[in-house]
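Each chain, written out:
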Amino acid sequence: MDAAAASQWAAQAGSACPVGGAAGALFAQLLATLVHAQCALADRSAYPPDTARPLPEYDFVVVGAGSAGAAVAARLSENPDWTVLLLEAGGDPPPTSDVPGLFPLLQKTEADWAYLTEPDGHSCLSLKGGRCSWPRGKVLGGSSVLNAMVYIRGSPQDYDSWAALGNDGWAYRDVLPFFKKLEDFDEKELKKRPHTESVHSRGGPIFATMPEFLEPYTESLVEAARELGFKIIEDYSAEPNLGFGRVHCNIKNGTRWSTARGYLAPARDRKNLHVAKFAYVTKVLVDPETRTAYGVRYVKDGEVKEVGVKKEVIVSAGAVDTPHILMHSGIGPKDHLEEFGIPVIKDLKVGYNLQDHLMYTGLYYTRKPPTKTSPEETAFQYLLNRTGPLSTTRVSSFTGFLRTDEAPPNLVGLPEVDSPTYPDMQMHYIYVEKELVGTLAHDYNFGEDAAAALARLTERDDALLVIPTLLAPTSRGRVRLAGADPRLRPLVHAAYYQDPRDLDNHVAGVAFAHRMGGTRALRDAGFTVRDLPLAACADRRPATEDYWRCALPQLTTTLYHPAGTAKMGPAADPDAVVDPRLRVHGVQGLRVADASVMPLVVRCNTNVPSIMIGEKCAHMVAEDWRRRDAGARPPKQEL
């Protein structure tokens with residue numbers, strides 16, 4: 001519906017409910033404005049169209065249009081001499097994904113793979129079936145369409161640790177140019193802090209800004225952090241991460257800025273970029289004699305199809321689906337593939353090294369509901385002006401980083417990149433109004449007891465869900481195949497708390513959250529610290545370490561940051577799947593670019609680092625093929 005049609009509809013609506021004179025005209029104009037604002041949300045024509053007739057062969061085929069894949073495809077298609085096919089299992093982002101404040105409603109929709117972990121008897125115990133919910137984006141833009149839009153890069157030590165493991169070219173000084181390349185940093189923010197220009201840039205595909213709407217009680221969190229002696233961080237990309245503060249977000253003019261919007265929308269009219277939507281990739285086609293990728297098999301509209309590739313396949317399907325695709329392609333652990341009769345192309349530790357940030361959902365700061373804007377007023381405010389609570393992620397854009405382990409074990413034998421300023425715990429916050437209780441329980445897959453306990457806790461009070469998040473787990477999980485049929489969903493073994501040190505550190509994080517909740521700043525704001533009362537822990541005294549050691553395995557779940565399942569490392573690393581140029585070891589013409597290549601998960605939200613990986617991958621691919629075209633050899637690949 002265009003503006004004219006919206007005005008006509010509004011006039012008809014005004015006739016149905018007549019209001020005379022100037023008031024009637026004003027009412028019709030208001031309706032027209034609202035309808036037009038809603039139509040702007042629903043307009044999906046900004047995204048590339050679904051390719052009806054793909055070419056039989058492309059220079060590059062990119063599998064997965066998520067945080068990294070959208071960047072890879074868009075950057076490679078900047079060269080008009082190269083043809084690029086982007087295969088995505090989902091479709092366009094739903095209109096509701098444009099509204100930042102509605103992000104909790106996107107889980108378990110058609111835009112979400114909605115994975116569940118396998119029950120292990122050690123974690124997710126108070127969730128339905130003992131299984132944690134693992135949302136993963138199944139949509140153009142991938143998980144950048146579902147997430148809370150946090151824009152944060154991590155600590156320099158994150159990337160220096162990758163380089164120290166033998167990954168040349170991945171130290172912080174090496175990846176900083178790609179962080180800057182992807183970034184369109186808010187000009188107002190740069191003017192406030194011109195000294196940060198060395199680490200920020202303008203004009204990139206991903207907009208980053210400080211949300212304008214500020215919850216009234218956020219200042220109480222700031223004062224609580226100060227009371228505990230923490231530094232207040234103004235820019236997590238330009239300062240050491242230890243401290244508390246508001247974080248920049250991928251939001252522009254009150255609208256989510258996903259990689260679909262930042263990378264794919266501007267590329268929609270490129271003749272050399274084709275996008276196949278609802279195209280489910282089942283395997284990469286690899287010649288078993290030469291170990292060279294020559295195409296991709298996928299299912300679209302119920303038909304099995306194949307497409308050839310002249311140069312390379314880049315798999316960017318994420319830390320769950322990338323190993324799933326590689327293993328069905330014959331690239332993975334030999335014994336596991338042979339178990340299902342899959343011919344082995346290359347024996348590699350695909351699916352191992354799974355890491356995730358663990359969050360605990362059993363701790364709340366409660367208070368009497370304050371006077372607040374009605375949902376109708378909030379919706380009007382957003383639709384008319386793109387302002388107000390719905391224009392931001394609210395208190396989710398406030399976070400803190402701290403160190404709970406004063407004597408950490410060596411970081412995989414790399415003590416030179418560990419330090420007291422390297423965080424191991426992150427604090428997140430979500431304000432839980434009564435209207436959000438059901439959504440929260442649904443998203444986190446709460447079982448009957450946990451859901452009922454949350455309902456009782458918020459019966460008379462609103463609550464601030466306080467989420468101590470373990471950033472550096474020592475436990476390692478695994479992604480496995482369920483069978484030889486690629487349509488079977490992969491098995492996710494999260495292995496939370498497999499290493500007891502993880503539980504020790506997480507208990508310390510919960511203890512800190514209790515201490516923060518007891519500060520004068522939060523007490524004066526009317527907050528009381530409450531442990532969610534669980535029947536499974538009824539024999540333990542709340543607000544004690546004994547209670548938390550019981551409750552953490554009950555209510556620990558994912559922060560949506562799985563990584564590591566196609567580990568990057570040199571050929572000498574027996575656990576490595578890809579080399580530092582992201583080429584799959586022992587296979588030609590095949591790379592991986594997403595969070596699965598992280599040898600160690602970054603100690604922060606993973607979306608922006610994943611986009612950086614996509615940017616750097618596209619750069620390396622272009623660099624290698626420019627060398628070939630010039631008659632020079634690209635960097636040697638171990639085969």
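Residues numbered from 1 in each chain as written. Predicted model: local features only at pLDDT ≥ 70, side-chain atom pairs only at ≥ 80, totals over all residues. Heavy atoms only, no water.

It is worth spelling out the overall build of the protein at this point. When you go through the protein residue by residue, the secondary structure sums to 17 helices and 25 strands. A compact globule built from 639 residues should have a C-alpha radius of gyration of about 26 Å, and the protein, at 25 Å, falls within 12% of that. Along the longest, intermediate and shortest principal axes, the C-alpha atoms of the protein span 70 × 65 × 50 Å. Of all 639 residues assigned to the protein, the portion counted as buried reaches 60%. Restricting to contacts in the protein with at least 6 residues of sequence separation, those with at least 24 account for 74%. As presented, the protein carries roughly 24,600 Å² of accessible surface, and 52% of it is formed by carbon and sulfur atoms. If the 70 positive side-chain charges of the protein are averaged to one point and the 78 negative ones to another, these points end up 2 Å apart. (Helix = DSSP H or I, 4+ residues; strand = E, 2+ residues; numbered from the N terminus. Rg over C-alpha atoms; globule rule 2.2 N^0.38 Å. Buried < 20%, exposed > 50% of the residue type's maximum accessible area, 1.4 Å probe, protein only. Contact = heavy atoms within 4.5 Å. Areas by Shrake-Rupley, 256 points an atom, 1.4 Å probe, with all protein chains shown as cover. Lys, Arg positive; Asp, Glu negative; His and termini not counted. Charge placed at Lys NZ, Arg CZ, Asp CG, Glu CD.)

Let's shift gears to the pairing of strand β19 (residues 425–432). Along β19, eight of the eight residues are buried, which leaves the element largely enclosed by surrounding structure. What you see with β19 is no split at all: Met425, Met427, Tyr429 and Tyr431 on one side and Gln426, His428, Ile430 and Val432 on the other are buried throughout. In the sheet, strand β18 (residues 398–402) pairs with β19 via three bridges, with the strands oriented antiparallel. Paired with leucine 402 across the strands is methionine 425, a residue of β19. Where β19 and strand β20 (residues 462–470) come together, eight bridges link them in antiparallel fashion. Counted as the bridge partner of histidine 428 is isoleucine 467 from β20. (Pairing = 2+ DSSP bridges.)

On to helix α3 (residues 69–76). The α-helix winds at 3.6 residues per turn, so residues separated by three or four positions along the chain end up facing the same way. Along α3, eight of the eight residues are buried, which leaves the element largely enclosed by surrounding structure. Inspection of α3 places Gly69, Ala70, Ala71, Val72, Ala73, Ala74, Arg75 and Leu76 among the buried residues, and these make up the whole buried set.

Right, let's talk about the packing of aromatic side chains for a bit. For the structure on display, the rule yields 17 aromatic pairs. Here tyrosine 159 and tryptophan 162 contribute two aromatic rings whose centre-to-centre distance is 5.1 Å and whose plane-to-plane angle is 75°, an arrangement assigned as edge-to-face. Here tyrosine 159 pairs with tryptophan 162, and both are found in helix α4 (residues 156–164), just three residues apart, close to one helical turn. Judged by its relative accessible area of 0%, tryptophan 162 is buried. For the pair tryptophan 162 and tryptophan 170, a centre-to-centre distance of 5.9 Å together with 55° between the ring planes defines the contact as tilted. For the pair tryptophan 162 and tryptophan 170, one class covers both residues: buried. Members of the aromatic cluster, joined through ring pairs, are Tyr159, Trp162, Trp170, Tyr172 and Phe179. We note arginine 603 situated over the ring of tyrosine 422; from NZ or CZ to the ring centre the distance is 3.8 Å. (Phe/Tyr/Trp six-rings, centres within 6.5 Å; stacked < 30°, edge-to-face > 60°. Lys NZ or Arg CZ within 6 Å of the ring centre and 35° of its normal.)

What follows deals with the packing of α4 against helix α5 (residues 172–181). Where α4 meets α5, the axes come as close as 8 Å, and the angle between the chain directions of the two elements is 120°. If you check the angle between α4 and α5, you find them oblique. Seen from α4, the contacting residues are Pro156, Tyr159 and Asp160; seen from α5, they are Tyr172, Val175 and Phe179. (Axes fitted to C-alpha atoms, helices over the stretch in contact; angles between N-to-C directions. Parallel < 35°, antiparallel > 145°, perpendicular 65-115°, else oblique.)

Ile331, Leu582 and Leu590 are the most contacted members of the largest nonpolar core, which totals 99 residues. In terms of residue count, helix α17 (residues 607–629) provides more of this core than any other element does, 10 residues in total. The residues contacting leucine 582, other than those within four sequence positions of it, are Trp170, Met568, Leu590, Arg591, Val592, Ala593, Val597, Ile613, Cys617 and Met620. By size, the runner-up hydrophobic cluster in this structure holds 70 residues, among which are Phe244, Met359, Ala450 and Ala521. (Core = buried A, V, L, I, M, F, W, Y, C linked by side-chain atoms within 4.5 Å.)

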